[in-house]
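Coordinate analysis (summary)
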Amino acid sequence: MKETLRIPAYESPAHTLFNAFPLFSLIPWWLRLRGLGQDCLRIQWQKNRSLFETFLFRLTMYHLTQVMSHPAPTPDNFSVDDAWKPLPMGFWRTEEAQHWLRRVGFAAPPEAVSAALRTSPKKCWEAAFLPGGVTMAKPEGLARFEAEIHERYRAIYTSSADQITKNDLRRAIRQEDNEHFQEYAMAWFRYARQAENSAREKFVLFLQDIFVVERTVVRESYALFNLQQTLRAGCTGDYRELCKQVSREPAMVRYLDLDKNTARKPNENFARELFELFSLGEGNYTEADIKEAARAFTGYRIKNRTEFFLQKSLHDDGPKTIFGATGNWDGDAVIDLTFRQPASQTFLIRELIKFYLTDQPVHEAYIEALGEQWARHDFSLRYLCETFFQSRLFFHPAYRGNFVKSPIQFYLGLCQDLRLDVIPLESRLLRNMAIMGQAFYDPPNVRGWLYGEHWINSTTISGRRQLVDYLFANLNEAKLNANEQRALKQAREEDRGHFLVTPERLAQVAQTDASDLATHFATYFLTPPFQAAYQPILAEIIANANNPSQGIRHAMIALLQSPAYNLC
């Protein structure tokens, strides 16, 4: 029987109750329960999987993110002029380096913290976002598939075979595409897991959540890869130019129906999302602007299933009035007009803040100040990221330890914290990512994923916990199917076979003092607000076990399943 990760797919009564009416009014009473976070940790150690624990988890998350956090900065207590200045080197300490590594990347293991402290935030940023740096290679199978796909479909179209046979051939192509997608997804996880790639790939994820496409709609893995490669190459370029490039990507052309947009029958989907989700935000354009902009993007087509071209006979070359300006605008000109609107200066900054800093409101004065600077630097993503990730606002104490990790950050952070390779069993990993709420390249809709507490419900918590359990389990290789056994063998041959925390690894530190180990775990796996509270509980778990290795295993599982580890 095939070994699987069994995740209950239900919404608990406690979860429903929690969202049904304002239980937050009960928080002060609950906080009189001394050491709520510590008690939750003990419950997890004891393997209690009751529905009430899910309620406790969510309640503890609220306690940790709201009650223990510093007040958000305002212009009254934190100058707007100072907010976007670089952090002074005198404040570049262990806590700041950990914060930078976890927010800009996925984790802050000791060696990465030590390396960061030997440099500066500026040097860290330059190393992470080096222009023209190493880029992800397209998987060989996917590259061959892309090179052959047009001729394969053409052969079906011109074939004299009956319709049933043709449908079978198309179905086989779709199945092969699905296999290449899984190969691509696994290659991306391995690539992003490497510390030198993590920051850039996390920014690619951010851009993918701006320029959203859904795999279930596009259904062409090579087009998804090519769009991601465009985003990767544009990470430090001109955001306006990136918008233009994305408008010509086959994945986007298909997803937002640009290939159905003609002069005689304009399709408004892309124009609407350009304004609403890529550049301006709601309320900063009119329906007339959308209708006129849609005419400018007519004639966008794909040839040979892989290449963009402009079909001039389908393009509307008449005058159009957009944002009050009239001219014979084409698609690129519309994007230039869009970035002359005041809202374009702040839209992406708001999204950047939601993705990297906080899901709580940030004072408008800070956003407008950075937006003005960004516009003066011609919407350079390099300038924006360099300023944002070194800024005093980014390092403000209000934004420490109160940001829920996304499922991707949770898993890749575990790999980096525990020095593990990516699990080479694709169905297992990709299925568990979907259960945790972030299936690779398949957001729920055109608006992308929601963040913060939206990542947390009874099912996704179970997914996170069982993933941690799995990383400390013994793999029964006899139950793997032939494909999984081949993948496991290949990973080991490529020295990528360390994807579980084995008893042998735990035995290497079994003689270390329990208090010292607990301090190490709390220091490097948790943010400072929780280290002192969790350290004695971890030491207690280690010291009271039947043997040291068992105690270390229990302590690490309890820690990694705790609310505090889910925050950064």
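A brief look at the structure comes next. This one's a predicted model, so the numbers in the text were calculated from it and none came from an experiment.

A packed helix pair is summarised by two numbers, namely the angle formed by the two axes and the spacing between the axes. Contact geometry of helix H10 (residues 163-193) with helix H22 (residues 407-417) gives a least axis separation of 10 Å together with a crossing angle of 55 degrees. Classified by the angle their axes make, H10 and H22 are oblique. With respect to the hand of their crossing, H10 and H22 are arranged in right-handed fashion. Contact with H10, carried on its side by Trp188, Phe189, Ala192 and Arg193, involves Ile408, Tyr411, Leu412, Cys415 and Gln416 of H22 and no other residues of that element. Broken down by class, the residue content of the contact of H10 with H22 amounts to 7 nonpolar, 1 polar and 1 charged.

Moving on to unusual backbone geometry. The phi angle at Arg419 is positive, at roughly 55 degrees, despite the residue not being glycine. Tracing the sequence through the fold places Arg419 in the loop between H22 and helix H23 (426-435). Although it is not a glycine, Asp495 sits at a positive phi angle of roughly 60 degrees. For Asp495, the position within the fold is in the loop between helix H25 (482-493) and helix H26 (503-507).

Among the structural elements, Ala294 can be located in helix H17 (residues 287-296). Between the C-alpha atoms of Ala294 and Arg272, which are 22 residues apart in sequence, the distance is 8.1 Å. Excluding anything up to four places from it in sequence, Ala294 contacts Asn261, Pro266, Asn267, Glu268 and Ala271.

Okay, the nonpolar core next. Membership of the largest hydrophobic core comes to 168 residues, with the highest contact counts inside it found for Trp100, Phe189 and Tyr239. Per element, the largest residue contribution to this core is 10 residues, and it comes from H10. With residues up to four places along the chain from it excluded, the contact list for Tyr239 reads Ile210, Phe211, Phe278, Phe339, Leu348, Trp374, Phe379 and Leu381.

Further remarks concern the packing of helix H16 (residues 269-279) against H17. It is at 8 Å that the axes of H16 and H17 come closest, and there the two elements cross at 130 degrees. By the angle between their axes, H16 is oblique relative to H17. Classified by chirality, the crossing of H17 by H16 is right-handed. Residues Ala271, Arg272 and Phe275 of H16 touch H17, and the partners they reach there are Glu287, Asp289, Ile290, Ala293 and Ala294. Here the residues of the contact of H16 with H17 are counted per class, giving 5 nonpolar, no polar and 3 charged.

For the coordinates displayed, the defined rule picks out 33 salt bridges. Asp82 serves as the salt-bridge partner of Lys85, at 3.2 Å between the closest nitrogen and oxygen. By relative accessible area, Lys85 is classed as partly exposed at 37%. For Arg496, the salt bridge identified is with Glu494, shortest N-O distance 2.6 Å. Each of the salt bridges in this network shares a partner with another, and the network as a whole consists of Glu220, Arg254, Asp257, Asp259, Lys260 and Arg305.

The rules we used
Residues numbered from 1 in each chain as written. Predicted model: local features only at pLDDT ≥ 70, side-chain atom pairs only at ≥ 80, totals over all residues. Heavy atoms only, no water. Axes fitted to C-alpha atoms, helices over the stretch in contact; angles between N-to-C directions. Helix = DSSP H or I, 4+ residues; strand = E, 2+ residues; numbered from the N terminus. Parallel < 35°, antiparallel > 145°, perpendicular 65-115°, else oblique. Left-handed = near helix turned anticlockwise from the far one by under 90°. Contact = heavy atoms within 4.5 Å. Nonpolar A, V, L, I, M, F, W, Y, C, P; charged D, E, K, R; others polar. Core = buried A, V, L, I, M, F, W, Y, C linked by side-chain atoms within 4.5 Å. Buried < 20%, exposed > 50% of the residue type's maximum accessible area, 1.4 Å probe, protein only. Salt bridge = Lys/Arg side-chain N within 4 Å of Asp/Glu carboxyl O.

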